[in-house]
Amino acid sequence: MTKHGARRTGLPFVLWIPGVVALALVVLPVVGLIVRSDLGNLPNLITSPGAVHALDLSLRTAVVATVLCLVLGGPLAVLLARSTMPGLRVVRALVLLPLVLPPVVGGLALLYLFGRAGFGGKLLYEAFGLRLSFSTTAVVLAQTFVAMPFLVVGLEGALRTAGERYEAVAATLGAGPWTVFRRVTVPLVLPAIGSGLVLCFARAMGEFGATITFAGSLEGVTRTLPLEVYTLAETDVDSAVAVSLLLVVVSIVVIVVARPRAVEGRL
Amino acid sequence: MTAVVAEVELRRGEFRLDVRVEVGAGEVLAVLGPNGSGKSTLLDVLAGLVRPDRGSVRVGDRVLVGRGVDVPAHRRDVGLLAQQALLFPHLDVLANVAFGPRARGVRRAEAERIARHWLSEVDAVEFAGRKPAALSGGQAQRIALARALAAEPRLLLLDEPFAALDVDVAPALRGLVRRVLSSGKQLATVLVTHDPLDALVLSDRVVVLADGRIVEQGPTKQVLSRPRTAFTARIAGIDLVSGVAAADGLAIEDGAVIHGMRTDDVADGDAAVAVFQPSAVTVHVDQPHGSARNVFPAVVAALEPHGAVVRLRAAAAPDGPAWVAGIAADLTPAAVADLELDLGERVYLAVKATEVAVYSVAARP
């Protein structure tokens, strides 16, 4: 380990100025939020029924969305990393779409697929009597839509880095494809799965644009924490700031406790 | 009994591999060749990691590759030990070695008993509880060998197994592999290497591969001590000049003669080669006048470390014979310093006739 004193070549001084500005840009707004908040009244504000409902809903939907990301996105990442199918590059680019698409546009797209008039929505309604839009399920779908790329991209990268050599060796030892996947592939990328899940969860917790377009803002049903902040910001600024601080705390917990690899620069 | 017969044809862009190899039960076949000669591709085909365009692979009475047959790697009973140990980093040593038996469906306790047996075969029982990250390269490679053998392969493939090891670790491991392989009576082994020493220590027979084709094959000692092509000689680290057998040695195209000791089976006019060791070649800055019968001008093309000595590679001098190109001479570092040798410098190479063996390479019925 190289700790203090290991570095002998100097850093160019000019890097310090933009570096400090960048850090300030990240940290100062949060400080501003804390300064603006009414700390004495904070406990009351964040235990208001609206805030508690929103927190409960956010946690539940984000957990389900994260599980969906793993169950659906994990296999997709394996296929992208290992399959030799033609046209894979196009698929890989498509997976990135939710990452660069404005979430509002994603929400609209979901609405016109699963809404009353959309062909997916019609199909579901006629077959099962299901209506997705403006339901908690819609919240989960919107969150999964925007969070999935974080898992797929990170996991695919890890699979490519791990390479197929271990898998080839396992095969020569007599392990069939399923055994290789279970006993070699998955354990090798376990850290990447962990950090991918943390990022998915954080992204799902913070989801706003796609949710409000596709699921609306119904208290207790689709109004997650970010939507609660948005609603309160127009009527009750103190509460909005308090709930925002709650989201800041959740984010810091995600970073500190789970410590995703991306945070340590090793994604 | 022939345990393995493989005929492989495969094309990858410009590269074409077209070989036929046979390995007997209990036999070690070495495949020698430079990088890019196709030896690793041949192993991948045998292991089932690459599918040949045409050909067949048979192990015992089982057809692994053939008309409409392509047995996947995990059902082949073909083990692989590569240059890197590739121990699964998330499993400890015992679990690594037990991986093969476990994959076959053996219960955990029995699989671990088998693993301990193979660990003791490679003198590595004390590492059973360690993670691969806590092993040295040589230790990891021993355990990788145990892991490959614990899966009970019918055919074992060794792909440059010592190339990544420190020079002082490789000999011990080479000896260990020799001991372990000689105790497996039924196991057929294919060893891919570019190091003639690996082949000499471990193998019974050798095939020499160049550009995807076999250029020479036969019993290891014979092929490496009496190469028939300059290519094999270079791999074996021997100097070889081809020409036609003449009264007192070997006549070369330009009319010059290399004086040497003719073996009995050579007749005048036969296609023949003159072979000598690089250590038998002396290097002079000025033209020597001594007992050495063979003296020829050359230019220093390369100086490279070769174990404890420095190997000089010659190129043809402007006024000298062309066949000198590629001839190697071994010198001590002190001699290189004394002679103040530099690249491009003109030198005279001398070899005593008694150090030169001339033998026939004519095809005989």
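Residues numbered from 1 in each chain as written. Chains lettered and ligands numbered in written order. Predicted model: local features only at pLDDT ≥ 70, side-chain atom pairs only at ≥ 80, totals over all residues. Heavy atoms only, no water.

> It is not clear to me how the packing of aromatic side chains should be interpreted in this structure. Could you clarify?
In this description, an aromatic ring pair is defined by two values, namely the gap between the centres and the angle between the planes. Under the defined criterion, the tally for this structure stands at six aromatic pairs over all chains. With a centroid separation of 6.3 Å and an interplanar angle of 50°, the aromatic rings of Tyr166(A) and Phe88(B) are classed as tilted. Of this pair, Tyr166(A) sits in helix α9 (residues 165-172) while Phe88(B) sits in the loop between β7 (78-81) and α2 (93-103), on two different chains. A relative accessible area of 0% means that Phe88(B) is categorised as buried. Every member of this aromatic cluster is reached through a ring pair, and the members are Tyr166(A), Phe88(B) and Phe99(B). A cation sits over an aromatic face here: Arg131(A) above Tyr125(A), 3.9 Å from the ring centre. (Phe/Tyr/Trp six-rings, centres within 6.5 Å; stacked < 30°, edge-to-face > 60°. Helix = DSSP H or I, 4+ residues; strand = E, 2+ residues; numbered from the N terminus. Buried < 20%, exposed > 50% of the residue type's maximum accessible area, 1.4 Å probe, protein only. Lys NZ or Arg CZ within 6 Å of the ring centre and 35° of its normal.)

> Explanation requested: the pattern of salt bridges in the structure shown.
A side chain of one charge can pair with a side chain of the opposite charge when the charged atoms of the two come close. Counted according to the given criterion, the structure contains 24 salt bridges over all chains. Of the charged contacts in the structure, one is a salt bridge between Arg60(A) and Asp56(A), with a shortest N-O distance of 3.3 Å. Within this pair, Arg60(A) and its partner Asp56(A) are both found in helix α3 (residues 49-82), separated by four residues, close to a single helical turn. Among the residues examined, Arg60(A) registers a relative accessible area of 44% and is labelled partly exposed. Across the pair Arg16(B) and Glu9(B) runs a salt bridge, and its minimum N-O distance is 3.5 Å. On the basis of relative accessible area, Arg16(B) is assigned to the partly exposed category, the value being 30%. Overall, the relative accessible area of 23% leaves Glu9(B) in the partly exposed class. Through salt bridges with shared partners, one network takes in Glu9(B), Arg16(B), Asp18(B) and Arg54(B). (Salt bridge = Lys/Arg side-chain N within 4 Å of Asp/Glu carboxyl O.)

> Explain the UniProt feature "transmembrane region" (unreviewed entry) in chain A to me, please; I cannot follow it from the model alone.
Residues and elements named next belong to chain A. In this numbering, the UniProt entry assigns the feature "transmembrane region" (unreviewed entry) to residues 12-35, 62-81, 93-114, 134-155, 188-206 and 239-258. Across residues 12-35 one finds 83% helix and 0% strand; the C-alpha atoms that close the span lie 35 Å apart. The span residues 62-81 carries 100% helix and 0% strand; its end-to-end C-alpha distance comes to 26 Å. (UniProt positions renumbered as here; feature names shortened; annotations may be inferred.)

> Is there a simple way to think about the pairing of strand β9 (residues 188-193) of chain B in this case?
In summary, the side chains of a regular strand alternate between the two faces of the sheet. All names here are of chain B. The buried fraction of β9 amounts to six of the six residues, a majority that puts the element mostly inside the structure. In β9, alternate side chains face the same way, and those of Ala-188, Val-190 and Val-192 on one face and Thr-189, Leu-191 and Thr-193 on the other are all buried. Where strand β3 (residues 28-32) meets β9, five bridges bridge the pair, whose relative direction is parallel. Residue Val-31 lies in a different strand from β9, and its bridge partner there is Val-192. As paired strands, strand β8 (residues 155-159) and β9 are joined by five bridges and run parallel to one another. In the sheet register, Leu-156 faces β9, and the bridge partner there is Thr-189. (Pairing = 2+ DSSP bridges.)

> How should the sheet that holds strand β17 (residues 282-284) of chain B be read in this particular structure?
In any sheet, the strands associate via hydrogen bonds between backbone groups, in a parallel or an antiparallel arrangement. Residue and element names in this part refer to chain B. As summarised here, the arrangement of the five strands in space is β17-β21-β18-β19-β20, forming an open sheet in which the pairing is antiparallel. The open sheet terminates on both sides in strands that have one partner only, identified here as β17 and β20 (328-331). When the angles between neighbouring strand axes are averaged without regard to direction, this sheet yields 50°. Across four bridges, the pairing between strand β19 (residues 309-316) and β20 is antiparallel. The residue of β20 that forms the bridge with Arg-311 is Asp-330. (Axes fitted to C-alpha atoms, helices over the stretch in contact; angles between N-to-C directions.)

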